[in-house]
Amino acid sequence: MDISGVKNGIVIDHIKAGKSMQIYDLLGLGKIDNTVALIKNASSEKYGKKDIIKIDEIIDLDYDVLGYVDSNITVNIVEDNRLAKKLHMELPEKLVNVVKCKNPRCITSVEQEIVHEFRLVDKEKKIYRCCYCDAEHRVK
Amino acid sequence: MSRNLINITDLTVEEINKLIETADDIVANHADYEDICRHKKLATLFFEPSTRTRLSFEAAMLELGGSVLGFSSANSSSAAKGESVSDTIMTVGNYVDIIAMRHPKEGAPIVAAKRAEVPIINAGDGGHFHPTQTLTDLLTIKRKKGRLNNLTIGLCGDLKFGRTVHSLIEAMLRYEGIKFVLISPDELKVPEYVIENMQKAGAEFYETESLEDAMPELDILYMTRIQKERFFNEEDYVRLKDSYILNLEKLDNAKEDLTIMHPLPRVNEISVEVDDDPRACYFFQALCGKHIRMALILFLLGIEK
């Protein structure tokens, strides 16, 4: 894993090629003051191509979002140019404001201020249900 | 934090048994309850119309000595001006001790419960949950059969979209020895997730299109309405509509102590001639609805005799 350029910070690795912008948005990286580098289509032994995001400080990240978008992602915490911790993502138990319910009969479809929440009901089949109307949401 | 009732599974089996006990005690010792909710107020917030549910809630609170306020359609509330459920609840919560609400959108009572400081009762949220109907059904079954276990229950009609059917199955899965007979046209079979729940719970069940074939073994027949618009084509509707209309002839081979239930309103799925048969219990069921709602109001307000 290439952590060059990061002394103390986070390297989000093994992002499926093309997904880094989605993750950048979902994590709200556009709103922070830190240096953030997006690397697209880096070569990967495992996947052929991958995206990488580097952040020059150890900040709080919403790991649930990462686990939901792609559970193959690894998060590397770098301290003093060394890999201090490697975290593997998994599907989170709860999704908060990550996806919107598509059921037109759901209360979230008409009231804009409501927090969109889904709970994981089947890890194997990657099925979530809306916490309000129980509509199914399958992770692709 | 106050206790709410959004889904029937919010209550444990013990709590349901306690509610049934209270409902029976209300009938046996009515005078003890006449004034028990004095100075307490119930709001019935009905964002869509209802006859039985709203009136039975209001009758329940009045019979407990409490008062009732509310509205019976979204048009007569600030919802018509675009007020959110949260804002309505935050406002009404200042005026009353408990709220029963019906809303066409699924999950609306959950939004309400998150904001309210008083108990919220879901009186129906679209095609989602209707827990007080299920409590009504359980009380009716208990009163008619003397038990909630070891029963063969036939559910007939629209089993796909009928929320009362799904909730009743979910509630009855918690009791032993229940066998479900699912009687419906192919187009209106119970959803896959309900089947999965029955399988997970190890319940005995089978699906059939024939009401006549299922009739002899049933202890309870729970009828629901089949709506024409649920069918894909007119031909299928015409072919099947009469087979799910209950009349005296179809009851020929039924048990003598069969309990016929229906959440009402009925359109034509139970012929009026059945009303006088002693096995017809749907209007008794509506009475049970008032008693169980009385018990529920007391439970959620934490009031004991």
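This text follows the structure it describes.
Right, let's walk through the structure included here. All figures in this text were calculated on a predicted structure; none of them were measured in a lab.

1. With respect to the overall build of chain B
Counting its regular elements, chain B contains ten helices and nine strands. Against the globule reference of 19 Å for 305 residues, chain B gives a C-alpha radius of gyration of 20 Å, in line with a compact fold. Within chain B, residue pairs in contact and separated by at least 24 positions form 74% of the contacts whose partners lie at least 6 positions apart. In the form shown here, chain B has an accessible surface area of approximately 13,100 Å², with 46% of it arising from carbon and sulfur atoms. Where the 35 positive side-chain charges of chain B centre and where its 48 negative ones centre are 5 Å apart.

2. Examining empty space enclosed by the protein
All names here are of chain B. Applying the stated criterion to the full structure yields two cavities of 30 Å³ or more. Approximately 90 Å³ is the volume attributed to the largest cavity. Along the walls of the largest cavity sit 13 residues, with Arg 52, Gln 133, Thr 136, Pro 263 and Ala 286 positioned nearest its centre. Secondary structure elements with two or more residues in the lining of the largest cavity: helix H2 (52–63), helix H5 (131–145) and helix H10 (282–301). The leading source of residues in the lining of the largest cavity is H10, at five residues. Of the residues belonging to the lining of the largest cavity, the class tally is four nonpolar, seven polar and two charged. Counting residues domain by domain, the lining of the largest cavity receives three or more from each of domain 1 (8–130 + 288–301) and domain 2 (132–285). Approximately 40 Å³ is the volume attributed to the second largest cavity. Together, His 166, Ile 169, Glu 170, Leu 173, Tyr 193, Val 194 and Asn 197 line the second largest cavity. Of all the elements in the fold, those that place two or more residues in the lining of the second largest cavity are helix H6 (163–172) and helix H7 (192–200). Its residues placed into classes, the lining of the second largest cavity shows four nonpolar, two polar and one charged.

3. Some points on the packing of helix H1 (residues 13–28) of chain B against H10(B)
All names here are of chain B. Contact geometry of H1 with H10 gives a least axis separation of 8 Å together with a crossing angle of 115°. Remark: the crossing between H1 and H10 carries right-handed chirality. In this structure, H1 uses Glu 15, Leu 19, Ile 20, Thr 22, Ala 23, Ile 26 and Val 27 to contact H10, whose residues at the interface are His 291, Ile 292, Met 294, Ala 295, Leu 296, Leu 298 and Phe 299. Taken together, the residues of the contact of H1 with H10 break down into eleven nonpolar, two polar and one charged.

4. Observations regarding the sheet that holds strand S7 (residues 117–122) of chain A
Residues and elements named next belong to chain A. The sheet built from four strands is open, its strands ordered S6-S7-S8-S9 with antiparallel pairing. Strand pairing shows two members of the sheet lacking a second neighbour, strand S6 (94–96) and strand S9 (136–138), which therefore form its edges. On average, each strand axis in the sheet is tilted by 30° relative to the strand beside it, whichever way the strands run. For strand S8 (residues 127–130) and S9, the ladder comprises three bridges, and the chain directions are antiparallel.

5. Section: the layout of surface pockets
The probe, sized like a water molecule, is rolled over the atoms to show the empty space still left. Residues and elements named next belong to chain A. Its volume calculated, the second largest pocket comes out at about 300 Å³. Around the second largest pocket sit 14 residues that line it, and Tyr 68, His 137, Arg 138, Val 139 and Lys 140 are the ones nearest its centre. Mapped onto the lining of the second largest pocket, the elements with two or more residues apiece are helix H2 (63–69) and S9. For the lining of the second largest pocket, the element with the most residues is S9, which contributes three residues. For the lining of the second largest pocket, the per-class residue count stands at six nonpolar, two polar and six charged.

6. Structural notes on the pattern of salt bridges
For the structure on display, the rule yields 21 salt bridges over all chains. Residue A:Asp13 is joined to A:Lys50 by a salt bridge in which the shortest nitrogen-to-oxygen separation is 3.0 Å. Here A:Lys50 lies in strand S3 (residues 48–55) and A:Asp13 lies in strand S1 (residues 9–16), a separation of 37 residues in the sequence. Assigned by exposure class, A:Asp13 and A:Lys50 land together as buried. The residue B:Asp275 makes a salt bridge to B:Arg266 at a minimum N-O spacing of 2.7 Å.

7. Concerning the packing of H1(B) against H5(B)
Residues and elements named next belong to chain B. Look at H1 against H5: their axes get within 10 Å of each other, and the N-to-C directions meet at 65°. Accordingly, the angle class assigned to the pair H1 and H5 is roughly perpendicular. The handedness of the crossing between H1 and H5 is right-handed. Where H1 approaches H5, its residues Ile 16, Leu 19, Ile 20, Ala 23, Asp 24 and Val 27 are matched on the opposing element by Leu 135, Leu 138, Leu 139, Lys 142 and Arg 143. Of the residues in the contact of H1 with H5, the class split is eight nonpolar, no polar and three charged.

Each value, and the rule that gives it
- Residues numbered from 1 in each chain as written.
- Chains lettered and ligands numbered in written order.
- Predicted model: local features only at pLDDT ≥ 70, side-chain atom pairs only at ≥ 80, totals over all residues.
- Heavy atoms only, no water.
- Helix = DSSP H or I, 4+ residues; strand = E, 2+ residues; numbered from the N terminus.
- Rg over C-alpha atoms; globule rule 2.2 N^0.38 Å.
- Contact = heavy atoms within 4.5 Å.
- Areas by Shrake-Rupley, 256 points an atom, 1.4 Å probe, with all protein chains shown as cover.
- Lys, Arg positive; Asp, Glu negative; His and termini not counted.
- Charge placed at Lys NZ, Arg CZ, Asp CG, Glu CD.
- 1 Å grid on protein atoms, 1.4 Å probe; cavity = no way out; pocket = protein on both sides within 12 Å on 5 of 7 lines; lining within 4 Å.
- Points joined across faces, edges and corners; volume = space filled by probe spheres on them.
- Nonpolar A, V, L, I, M, F, W, Y, C, P; charged D, E, K, R; others polar.
- Domains from an automatic or database assignment.
- Axes fitted to C-alpha atoms, helices over the stretch in contact; angles between N-to-C directions.
- Left-handed = near helix turned anticlockwise from the far one by under 90°.
- Pairing = 2+ DSSP bridges.
- Salt bridge = Lys/Arg side-chain N within 4 Å of Asp/Glu carboxyl O.
- Buried < 20%, exposed > 50% of the residue type's maximum accessible area, 1.4 Å probe, protein only.
- Parallel < 35°, antiparallel > 145°, perpendicular 65-115°, else oblique.

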